[in-house]
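Listed below, chain by chain, are the residues.
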Amino acid sequence: MELYIFGTDEDEISGEWVRLPAIEVKIPAGPLTVCLLDNGGYRFEGIAEKTDRSRLPALNRMALILRSLSEDEQTTLEAMLECESSISIRMVERLLSLLPQATLFVGATDDEALGRYHMEHKLHIVLPRQIAAHFDYQGYGAAVRERNPGIFTSTGFLMYGL
């Protein structure tokens, strides 16, 4: 994920897109729009908003943080973004501050998968096939979810402080 900034003239792009972080002289004159892109393509609808030069230091810091994220951290951030009803650049900043407290159980998209994931990856228990066939992974996953408030996303079960 990367932040870009570009000049806007009556809601139309005017000039080149500049990848942040950038020095002030590279930023186009006039009204500006900042947007979040994923792998060079516009992916997150609604994350493009007007801004001004006074936000450039904060946007540059945010761009550096985004650029330094590991693949796992990017996946977790995308899951966090999926949970938000309205997304803005300030919301991304807030979520980045919560990222260290977030845990994503990748692949655990329902109670049964959460139960299996928790047992195998957190408790490091692999039940023999004969026992696993009778174990209530769904019930166990529901109990894990009740003890660890979070939300199911398309990527997995996400827990983070609000």
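Residues numbered from 1 in each chain as written. Predicted model: local features only at pLDDT ≥ 70, side-chain atom pairs only at ≥ 80, totals over all residues. Heavy atoms only, no water.

(A) Layout of the packing of aromatic side chains. Across all of its chains, the model carries five aromatic pairs by this definition. Their ring planes at 70° and their centres at 4.9 Å tell us that F135 and Y137 sit as a pair that is edge-to-face. Cluster of aromatic residues (ring-pair linked, three or more members): F105, Y117, F152 and F157. Note that R116 overlies the ring of Y137, its terminal NZ or CZ placed 4.0 Å from the centroid. (Phe/Tyr/Trp six-rings, centres within 6.5 Å; stacked < 30°, edge-to-face > 60°. Lys NZ or Arg CZ within 6 Å of the ring centre and 35° of its normal.)

(B) Structural detail: the nonpolar core. Core analysis: the largest hydrophobic core is formed by 32 residues, its most contacted members being L3, L20, L66 and L77. Counting only elements with at least two residues in this core, the list comes to β1 (2-9), β4 (32-37), α1 (56-68), α2 (71-82) and α3 (89-98). The dominant element in this core, judged by the number of residues it contributes, is α3, at six residues. Beyond its immediate chain neighbours, meaning those up to four positions away, L66 contacts M1, L3, L36, Q74, L77 and L96. The next biggest cluster of nonpolar side chains, apart from the first, holds 11 residues, and it includes L114, Y117, A132 and V144. (Core = buried A, V, L, I, M, F, W, Y, C linked by side-chain atoms within 4.5 Å. Buried < 20%, exposed > 50% of the residue type's maximum accessible area, 1.4 Å probe, protein only. Helix = DSSP H or I, 4+ residues; strand = E, 2+ residues; numbered from the N terminus. Contact = heavy atoms within 4.5 Å.)

(C) Summary view of the pattern of salt bridges. A full pass over the atoms with the stated rule returns three salt bridges. Two residues, E93 and R55, come together in a salt bridge whose shortest N-O distance is 3.1 Å. Of this pair, E93 sits in helix α3 while R55 is found in the loop between β5 (48-51) and α1, placing the two residues 38 residues apart along the sequence. Accessibility expressed as a relative area gives 24% for E93, which makes it partly exposed. (Salt bridge = Lys/Arg side-chain N within 4 Å of Asp/Glu carboxyl O.)

(D) Molecular detail of the environment of P100. Looking at the secondary structure, you find P100 in the loop between α3 and β6 (103-106). A residue is classified by how much of its surface remains accessible, and P100, at 72% relative accessible area, is exposed. It is 8.7 Å that separates the C-alpha atoms of P100 and Y160, two residues lying 60 residues apart in sequence.

(E) Quick peek at the sheet that holds strand β8 (residues 156-159). Overall, antiparallel pairing links the three strands, which are arranged β6-β8-β7 in an open sheet. Every interior strand has two partners, whereas the edge strands, β6 and β7 (151-152), have only one. Here four bridges tie β6 to β8, and the two strands are oriented antiparallel to one another. Looking across to β8, one finds that V106 is bridged to G156. In the packing of helix α4 (residues 111-122) onto the sheet, contacts are made with β6, β7 and β8, and the angle to β6 comes to roughly 105°. (Pairing = 2+ DSSP bridges. Axes fitted to C-alpha atoms, helices over the stretch in contact; angles between N-to-C directions.)

(F) Structural detail: α2. Its 12 residues place the ends of α2 17 Å apart at the C-alpha level, agreeing with the 16 Å of an ideal helix rising 1.5 Å per residue. Listed in full, the buried residues belonging to α2 are Q74, T76, L77, E78, A79, M80 and L81. On its buried side, α2 packs onto β4, α1, α3, β6 and β8. (Expected span 1.5 Å × (residues − 1).)

(G) Quick look at unusual backbone geometry. Note that the residue after L20, namely P21, is joined by a cis bond; omega there is 5°. Note that P21 resides in the loop between β3 (18-19) and β4. Backbone geometry at H124 places phi at a positive 60°, although glycine is not the residue there. Along the polypeptide, H124 turns up in the loop between α4 and α5 (129-132). For H124, a relative accessible area of 63% puts it in the exposed group.

(H) Expanded view of helix α6 (residues 137-147). Among the residues of α6, Y137, Y140, G141, A142 and V144 are the ones counted as buried. Structurally, α6 contributes buried residues whose contacts are with α4 and α5.

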